[in-house]
Amino acid sequence: MTFSLDITDSNTRAALASRAAAPQKASLVGLSRAEMAEALVAAGIVPERQARMRVQQLWHWLYVRGVSEFSQMFNISKDLRTALHQHFAIARPEIVEEQISADGTRKWLFRFPARGAGRPVEIETVYIPEEGRGTLCISSQVGCTLTCSFCHTGTQKLVRNLTAEEILAQLLTARDRLGDFPDRDTPAGAIVPADGRKVSNIVMMGMGEPLYNFEAVKQALLIASDGDGLALSKRRITLSTSGVVPEIFRTGEEIGVMLAISLHASNDDLRDLLVPINKKYPLKDLIDACRKYPGLSNARRITFEYVMLKDVNDSLEDAKALVQLLKGIPAKINLIPFNPWPGTNYQCSDWETIEKFADFINNAGYASPIRTPRGRDILAACGQLKSESERLKKSERLALEAMMIAGHGEA
Ligand code: SAH
Ligand code: SF4
């Protein structure tokens, strides 16, 4: 069963629309402290000698309290709040849709205003509640330039990179909707889960290739992990890449988050077909970059993601080759049952095959959890994301449901 927020309801719509960002004003969200200070001074509303203090106040309101209106910043004078409002935006994106899966997974479709000559864009963000933690899966691009053959996002052309503000806005808005800013009143209409910490982890595993949008992703993740703000530990942030080798070292050095590699094959011939960026950066270079990842240790392992595709990469020979390939690297192997989407020619491996594969890898000494597919009923699972611009036709949805009922990959 799928729950969908009814945004045709006029009250809900008005409440959400009133929080939608005004496109013409510069946003303070996503700026570093230095950039924020510079913006305040350049706007002529804060004298230089006060800039540091004002940034500190704003930082706290934006990232600890989670407010989305200047009027709520009570320790700032009314005149300054008005001036801030005239010059800057801190509002959330428009929520076009919020879907809640039977298993508690949520998927939002967010709309961001046009930038430059472009059009407004829509992206998806997914929240996955688990025992004792909650993971937010964040998008880095609208669409993707890469064309991994098993990925739904890969069939959508790149529209544009998201800005640091838009990457962070996904986290802030998700926390609003989950009631996850404890020092603040829960916004009207938010549907708050019963218990547990809400967003404790984030993964850059939504739409897009984060390392093709390095600077914005870096800026957003440094703000998300800033100890005086959102304060997520870098160990609870994972960036997943299809293998953009030249940016891997910098990811560790400059961002310092956990790394996941979308491996999916243990030889170049097959990986060229599944993850075509492999033709540019083949396995040898990729594995070499992994060995050199800053901070790598048994306590900070690289996660290798491996999608289980029936009769494609799921034999015991494949498992052996995988173990051989990763020899000596502190690694976890995450087996992902393939999530089907309309138009794909792939099928998910049988459950028995996945378990055999996992056993082999476990016996070779690797933790190899099988990722339980979550939120499939709302197309929120890995690789199923694709935004409104290319939303499924009703006939495609029905076809997908039929695939699931037929047992294709339903674990
Ligand atoms: N572009 C980045 C991050 C987003 S994809 C990357 O490729 O790593 C997040 C993960 O979902 C990747 O490991 C990706 O390979 C996997 N994935 C994509 N499509 C999938 C599908 N249909 N079923 C299961 N996993 C999929
Ligand atoms: Fe892009 Fe990642 Fe999908 Fe490949 S798997 S097409 S890199 S989003």
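Draft legend 1. Representation of the packing of aromatic side chains. For the structure on display, the rule yields five aromatic pairs. On the basis of an interplanar angle of 85° and a centroid distance of 6.1 Å, the ring pair of W61 and F74 is categorised as edge-to-face. Placement of W61 in helix α3 (residues 51-65) and of F74 in the loop between α3 and α4 (78-87) is noted, with a sequence separation of 13 residues between them. By relative accessible area, which is 7% here, W61 ends up buried. Residue F74 is classed as exposed on the basis of its relative accessible area of 63%. A centroid spacing of 6.1 Å and a plane angle of 75° characterise the contact between F338 and Y346, whose relative ring orientation is edge-to-face.

Draft legend 2. Examining the site of ligand 2 more closely. The local shell around ligand 2 consists of C144, L146, C148, C151, G154, G208 and S242. When its residues are assigned to classes, the shell around ligand 2 shows four nonpolar, three polar and no charged.

Draft legend 3. Just the site of ligand 1, in detail. The full set close to ligand 1 counts 21 residues, and G208, S240, S262, H264 and N339 are the nearest of them. Here a nitrogen atom of ligand 1 and a backbone polar atom of G208 are 2.8 Å apart. Side-chain polar atom of H264 to an oxygen atom of ligand 1: 2.6 Å apart, as the coordinates give it. Calculation on ligand 1 without its partners gives an accessible area of 530 Å², and the protein chains cover 96% of this total. Among the secondary structure elements, those contributing two or more residues to the shell around ligand 1 are β11 (237-241), β13 (302-308) and β14 (331-337). Looking at side-chain class alone, the shell around ligand 1 contains 10 nonpolar, nine polar and two charged residues.

Draft legend 4. Spatial organisation of the pairing of β14. Summarising burial for β14: six of the seven residues are buried, a large majority. Taken together, the seven bridges between β13 and β14 define a ladder with parallel strand orientation. Paired with F304 across the two strands is I333, which belongs to β14. In this fold, β13 hands off to helix α10 (residues 316-325), which returns the chain to β14; that crossover is right-handed.

Draft legend 5. Spatial organisation of the nonpolar core. One finds L28, L84, F150, I202 and F304 to be the most contacted residues of the largest nonpolar core, which totals 109 residues. Each of domain 1 (3-89) and domain 2 (96-408) accounts for three or more of the residues forming this core.

Draft legend 6. Seen up close, unusual backbone geometry. A positive phi angle, near 70°, is found at H264, a position not held by glycine. By the secondary structure assignment, H264 is in the loop between β12 (258-262) and α8 (268-274). By relative accessible area, H264 is classed as buried at 4%. One non-glycine residue, D311, lies in the positive phi region at around 60°. Tracing the chain through its elements places D311 in the loop between β13 and α10. The exposed category is assigned to D311, whose relative accessible area is 69%.

Draft legend 7. Inspection of the packing of α10 against helix α11 (residues 351-363) at higher detail. The interhelical angle for the contact between α10 and α11, taken along N-to-C directions, is 30°, at an axis separation of 9 Å. The angle between α10 and α11 falls in the class roughly parallel. Handedness of the crossing formed by α10 with α11: right-handed. Contacts from L316, D318, A319, K320, L322 and V323 of α10 reach α11 at K356, F357, F360 and I361. Across the contact of α10 with α11, the residue classes break down as seven nonpolar, no polar and three charged.

Draft legend 8. View of the packing of helix α5 (residues 164-177) against helix α6 (residues 214-224). Running from N to C, α5 and α6 cross one another at 40°; their axes reach a closest spacing of 8 Å. In terms of orientation, α5 and α6 fall into the oblique class. For the pair α5 and α6, the sense of crossing is right-handed. Across the interface between the two elements, A164, I167, L168 and L171 of α5 pack against A216, V217, Q219, A220, I223 and A224 of α6.

Calculation criteria
- Residues numbered from 1 in each chain as written.
- Chains lettered and ligands numbered in written order.
- Predicted model: local features only at pLDDT ≥ 70, side-chain atom pairs only at ≥ 80, totals over all residues.
- Heavy atoms only, no water.
- Phe/Tyr/Trp six-rings, centres within 6.5 Å; stacked < 30°, edge-to-face > 60°.
- Helix = DSSP H or I, 4+ residues; strand = E, 2+ residues; numbered from the N terminus.
- Buried < 20%, exposed > 50% of the residue type's maximum accessible area, 1.4 Å probe, protein only.
- Near = heavy atom within 4 Å.
- Nonpolar A, V, L, I, M, F, W, Y, C, P; charged D, E, K, R; others polar.
- Polar contact = N/O pair within 3.5 Å; in protein donor to acceptor, adjacent residues only side chain to side chain.
- Areas by Shrake-Rupley, 256 points an atom, 1.4 Å probe, with all protein chains shown as cover.
- Pairing = 2+ DSSP bridges.
- Right-handed = clockwise from strand over helix to strand, strands pointing away.
- Core = buried A, V, L, I, M, F, W, Y, C linked by side-chain atoms within 4.5 Å.
- Domains from an automatic or database assignment.
- Axes fitted to C-alpha atoms, helices over the stretch in contact; angles between N-to-C directions.
- Parallel < 35°, antiparallel > 145°, perpendicular 65-115°, else oblique.
- Left-handed = near helix turned anticlockwise from the far one by under 90°.
- Contact = heavy atoms within 4.5 Å.

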